[in-house]
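Read off the chains here:
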Amino acid sequence: MRILLSNDDGYFAPGLAQLAKSLQSLAEITVVAPEADRSGASNSLTLDRPLNLRKSSSGFFHVNGTPTDCVHLAVTGMLDFAPDMVVSGINAGANMGDDTIYSGTVAAATEGYLLGIPSIAVSLVIGPERFKHYETAGAVALQLVMNHLKTPLRAPILLNVNVPDVPLEEIQGFQITRLGKRHKAEPVVKAVNPRGETVYWVGAAGAAAEAGPGTDFYAVANNFVSITPLQVDLTNAAQMASTNAWLASWNEK
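My aim in this report is to walk through the structure given alongside it, one point at a time. (Residues numbered from 1 in each chain as written. Predicted model: local features only at pLDDT ≥ 70, side-chain atom pairs only at ≥ 80, totals over all residues. Heavy atoms only, no water.)

Some words on a nonpolar patch on the surface
And then number 1: Side chains of W246, L247 and W250 sit close together on the surface and give an oily, nonpolar patch of about 360 Å² of accessible area.
And then number 2: Position of L247 among the secondary structure elements: in helix α7 (residues 240-251). (Patch = residues over 30% accessible without salt bridge, like charges linked within 9 Å, V, L, I, M, F, W, Y side chains within 5 Å. Areas by Shrake-Rupley, 256 points an atom, 1.4 Å probe, with all protein chains shown as cover. Salt bridge = Lys/Arg side-chain N within 4 Å of Asp/Glu carboxyl O. Helix = DSSP H or I, 4+ residues; strand = E, 2+ residues; numbered from the N terminus.)

Section: the nonpolar core
And then number 1: Membership of the largest hydrophobic core comes to 31 residues, with the highest contact counts inside it found for I3, L5, V87, V122, V161 and V163.
And then number 2: Element by element, the count of residues in this core is highest for helix α5 (residues 134-150), at six residues.
And then number 3: In contact with V163, not counting residues within four places along its chain, are V122, S123, L124, V125, T136, A137, V140, I171 and V225.
And then number 4: Residues V63, V71, L79 and A108 belong to the second largest nonpolar core, which totals 14 residues. (Core = buried A, V, L, I, M, F, W, Y, C linked by side-chain atoms within 4.5 Å. Buried < 20%, exposed > 50% of the residue type's maximum accessible area, 1.4 Å probe, protein only. Contact = heavy atoms within 4.5 Å.)

Here we look at α5
And then number 1: With 17 residues, α5 should reach 24 Å at 1.5 Å per residue; the first-to-last C-alpha distance of 24 Å fits that figure.
And then number 2: Within the sequence span of α5, burial applies to Y134, T136, A137, G138, V140, A141, L144, V145 and H148. (Expected span 1.5 Å × (residues − 1).)

Let's talk about the environment of N223
And then number 1: With respect to the element layout, N223 can be found in the loop between α6 (216-221) and β13 (224-229).
And then number 2: Along the sequence, N223 and Q172 sit 51 residues apart, while their C-alpha atoms lie 5.7 Å from each other.
And then number 3: Leave out the neighbours within four places in its chain, and N223 touches P164, V166, E170, I171, Q172 and G173.

Here's the deal with the sheet that holds strand β6 (residues 119-125)
And then number 1: One open sheet accounts for nine strands, arranged β3-β4-β2-β1-β5-β6-β7-β13-β8; its pairing is mixed. Two strands bound the open sheet, and with one partner strand each, they are β3 (53-55) and β8 (173-176). Going across the sheet, the axis of each strand differs from the next one's by a mean of 25 degrees, ignoring polarity.
And then number 2: Relative to strand β4 (residues 61-63), β3 runs antiparallel, the two being bridged by three bridges. Note on β4: the bridge partner recorded for R54 is H62.
And then number 3: The strands that helix α1 (residues 14-23) touches are β1 (2-6), β2 (28-34) and β5 (85-92); relative to β5, the one it contacts most, it runs at about 135 degrees. (Pairing = 2+ DSSP bridges. Axes fitted to C-alpha atoms, helices over the stretch in contact; angles between N-to-C directions.)

Observations concerning unusual backbone geometry
And then number 1: Residue G89 is joined to I90 through a cis peptide bond whose omega torsion reads -10 degrees.
And then number 2: The topology assignment puts I90 in strand β5.
And then number 3: Positive phi, normally seen in glycine, also occurs at K132, with a value near 60 degrees.
And then number 4: With respect to the secondary-structure elements, K132 resides in the loop between β6 and α5.

This is how it looks when you write it as C-alpha cells:
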C-alpha cells in the first residue's frame, strides 16, 4: 500500500512526523506538505506563481504553497503512481463544525478525494491542558487505515476525523457524527504595528452553538473519536423548489 501524507501546519510539524511514524509499518509513505504553516488556507490553489518542490533532511518533501497545492502537485505531477490513500494531519487543533470550511487539513484530504483517492483528515482536539497526545491520534489513523484495507468503503471516501487529546486508553470508542455548528467568530483584534499602522488579527472561532448528541463536538467532549463522512456537493437541495418558484415569479412580471 502507498499512502500520501500532507497537512496544513507545515512539513516540520510534530503531528505530521507522528502520522508518518504511525503508518510507516503498514505502507510506503510519501510526505508532501507546505513549507510553512498554512492553517486556514482552505481549498485554495496557487495560480499566480510557480511552485517549488524541495526535499528536507527528514525525507519529507515541502512546497511553497497551500495544502491543496501539495496534494495536487504530488498526484498530478510528482509521483509516477496513484496513491492508494491520502491522509492529512495530524492537525494541532480541532476541525469540527464550521471549521471544516476553512481548514487546510481537511482541504488536503478533499483534494485527494476530488482526484478519486480515498482520503482522511485527522485532527487532534487539543484541550485546555494542551497535552498534545499525537500518539493517540496516530494510533487512531493506523486503525482507520487498517480497517479500510480489511473492509474497503466504497471509494472515493472523504472522512473528517477528530481525536480527543487524551491517552489512548481513555478513548471511549468511535462514533459516526455530523458536523455541529459554532456561534459566529469573535471580532477581529485591532492593534498598532511598529510603524504606527493599524492592523487587524482575525478573531478566535466562536464557541459551539449546536453540539448535542450526534455531533462531532459531543463525541469528542465525551472522549469518543468523531468520524464525519464529508461530501463536496454544496447544492442546497431543500431550496431547489423554492428558488425555482422565486425565479418563476420574475417571469410573471
